[in-house]
Amino acid sequence: MRRNIVMIGMMGAGKTAIGGELARRLHRPFADTDAEIERAAAMSIPEIFARDGEEFFRARESEVLGRVLATGNSVVSTGGGAWLRPENRARIGESGVSVWLDCDLETLWHRVRQRPRQRARHAMGGARQRMLHERARRNAAPKRAHPKHDRQKRHGDQRKLDRRLTRAIARRNPPTGC
């Protein structure tokens, strides 16, 4: 079985968009852990945070991530904070290769504040400052050896970006069988 390809990075970095397209082009299943959590809870992530708190959410996120990674051979988009938990980093490292998608704060802020489901989460004053703080926390988390893709750089058309990512992934994701 081939290993998972796991998209990591901040909310708004493009994990779901790029991961979904990469899965389509590689003919692999795609899983979005945030969508899986929302489906199971029948609630949005901001609603889960408000009702149960972050620690409860992070525990559920780890459970869902473990379940999704166990299927193997998938492209997986994780939640923005999943990489902060050491057990998640270990699971990802054991079952696949991670791809760190990075953006500058201005791009992240522009994308996140436009999303209807995220507006409620960032409606309180100081939301942009909190995002800056969260980005610093995530960037401080160990990254191990995984391809990093800076979403600010211009890479030409989608095929060129796909080739660049698949080459980087192939260097770290050799087939382990058929």
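The structure we're discussing is the one just above.
Each chain has its residues counted from 1, following the order in which its sequence is written. The predicted nature of this model means local features are confined to residues of pLDDT at least 70 and side-chain atom pairs, given and counted, to a pLDDT of 80 or more, with totals for whole chains, interfaces and linings taken over all residues. By convention in this description, side-chain values take in all heavy atoms of the structure and omit both hydrogens and water.

Novice: When you look at the pairing of strand E1 (residues 4–9) in this model, what are you seeing that I'm missing?
Specialist: Side-chain positions along a regular strand alternate between the two faces of the sheet. For every residue, the accessible area (1.4 Å probe, protein chains only) is compared with the maximum for its type, and the residue is labelled buried under 20%, exposed over 50%, or partly exposed between those bounds. Numbering goes from the N terminus for both helices and strands, where a helix is a DSSP run of H or I of at least four residues and a strand is a run of E of at least two. By the criterion of burial, E1 is predominantly enclosed, with 6 of the 6 residues buried. With burial as the criterion, each face of E1 is covered, one bearing Asn 4, Val 6 and Ile 8 and the other bearing Ile 5, Met 7 and Gly 9. When DSSP locates at least two bridges between a pair of strands, those strands are taken to pair. Where E1 meets strand E4 (residues 96–102), 6 bridges bridge the pair, whose relative direction is parallel. Residue pairing for E4: Met 7 is matched across the bridge by Val 99. Pairing analysis gives 3 bridges linking E1 to strand E3 (residues 75–77), with the strands arranged parallel. Across the sheet, residue Ile 5 finds its bridge partner in E3, namely Val 75.

Novice: Before we go on, may I ask you to explain the nonpolar core in this structure?
Specialist: Proteins that are soluble and globular tend to have nonpolar side chains buried together. In this text, buried Ala, Val, Leu, Ile, Met, Phe, Trp, Tyr and Cys residues form a nonpolar core when linked through side-chain atoms within 4.5 Å. Ranked by internal contacts, the top residues of the largest apolar core, which has 17 residues, are Val 6, Ile 8, Phe 57, Leu 69, Val 76 and Ile 92. When contributions to this core are tallied by element, the ones reaching two or more residues are E1, helix H3 (45–52) and helix H4 (54–71). Sort the elements by how many residues they give to this core and H4 lands first, with 5 residues. Note on contacts: a residue pair qualifies if any of its non-hydrogen atoms lie within 4.5 Å across the two residues. Once residues within four sequence positions are removed from consideration, Ile 92 is found in contact with Val 6, Ile 8, Leu 65, Leu 69, Thr 78, Trp 83, Val 97 and Ser 98. Among the nonpolar cores identified, the runner-up in size contains 15 residues, and Ile 5, Met 7, Ile 18 and Val 97 belong to it.

Novice: Help me out: how do you make sense of the side chain of Asp 32 in this one?
Specialist: Considering the arrangement of structural elements, one finds Asp 32 in strand E2 (residues 30–32). Judged by its relative accessible area of 15%, Asp 32 falls in the buried class. Within the structure, Asp 32 has its side chain in polar contact with the side chain of Thr 16 (distance 2.8 Å). Here Asp 32 is in contact with Thr 16 and Ser 77, once residues within four sequence places are set aside. N or O atoms within 3.5 Å of each other form a polar contact, as long as, within protein, one can give a hydrogen and the other can take it, and as long as residues adjacent in sequence are counted only when both atoms are side-chain atoms.

Novice: Sorry, what's going on with the packing of helix H2 (residues 33–41) against H4 here?
Specialist: To characterise two packed helices, one gives the angle between the axes of the helices and the distance between these axes. Working convention: axes come from line fits to C-alpha atoms, limited for helices to the stretch in contact. Angles between N-to-C directions cover 0 to 180 degrees. Running from N to C, H2 and H4 point in directions that differ by 110 degrees, and their axes come no closer than 10 Å. Classed by the angle they form, the pair H2 and H4 counts as roughly perpendicular. H2 and H4 meet at a crossing whose hand is right-handed. From H2, Thr 33, Asp 34, Glu 36 and Ile 37 reach across to H4, where they touch Phe 57, Glu 61, Val 64, Leu 65 and Val 68. Class assignment of the residues belonging to the contact of H2 with H4 gives a composition of 5 nonpolar, 1 polar and 3 charged. For classification purposes, angles smaller than 35 degrees are called roughly parallel, those larger than 145 roughly antiparallel, those between 65 and 115 roughly perpendicular, and all remaining angles oblique. Crossing handedness is defined as follows: a turn of the near helix away from the far one that is anticlockwise and smaller than a right angle gives a left-handed crossing, while the clockwise case is right-handed. By the convention adopted, Pro, Cys, Tyr, Trp, Phe, Met, Ile, Leu, Val and Ala count as nonpolar, Lys, Arg, Asp and Glu as charged, and the other residues, Gly among them, as polar.

Novice: When you look at the pattern of salt bridges in this model, what are you seeing that I'm missing?
Specialist: Charged atoms that come close allow side chains of opposite charge to pair. The term salt bridge refers to a side-chain nitrogen of Lys or Arg lying within 4 Å of a carboxyl oxygen of Asp or Glu. Summed over all chains, the structure comprises 9 salt bridges. Close ionic contact of Glu 21 with Arg 25 constitutes a salt bridge, the shortest N to O distance being 2.5 Å. Of this pair, Glu 21 and Arg 25 both sit in helix H1 (residues 15–26), 4 residues apart, roughly one helical turn. Given the relative accessible area of 32%, Arg 25 is considered partly exposed. Among the salt bridges present, the one from Arg 58 reaches Glu 54, with a minimum N-O distance of 3.2 Å. Within this pair, Arg 58 and its partner Glu 54 are both found in helix H4, separated by 4 residues, close to a single helical turn. Of the residues examined, Arg 58 reaches a relative accessible area of 8% and is grouped as buried. The network of salt bridges with shared partners includes Glu 21, Arg 24 and Arg 25.

Novice: Got a minute to help me understand H4 in this structure?
Specialist: Given 3.6 residues per helical turn, the α-helix brings residues three or four places apart onto the same face. The end-to-end C-alpha separation of H4 is 26 Å, in line with the 26 Å expected for 18 residues at 1.5 Å each. Within the sequence span of H4, burial applies to Phe 57, Arg 58, Glu 61, Ser 62, Val 64, Leu 65, Val 68 and Leu 69. Directly beyond the C-terminal end of H4, a positive phi value near 70 degrees is found at Gly 72. The span expected for a helix works out to 1.5 Å for each residue beyond the first.

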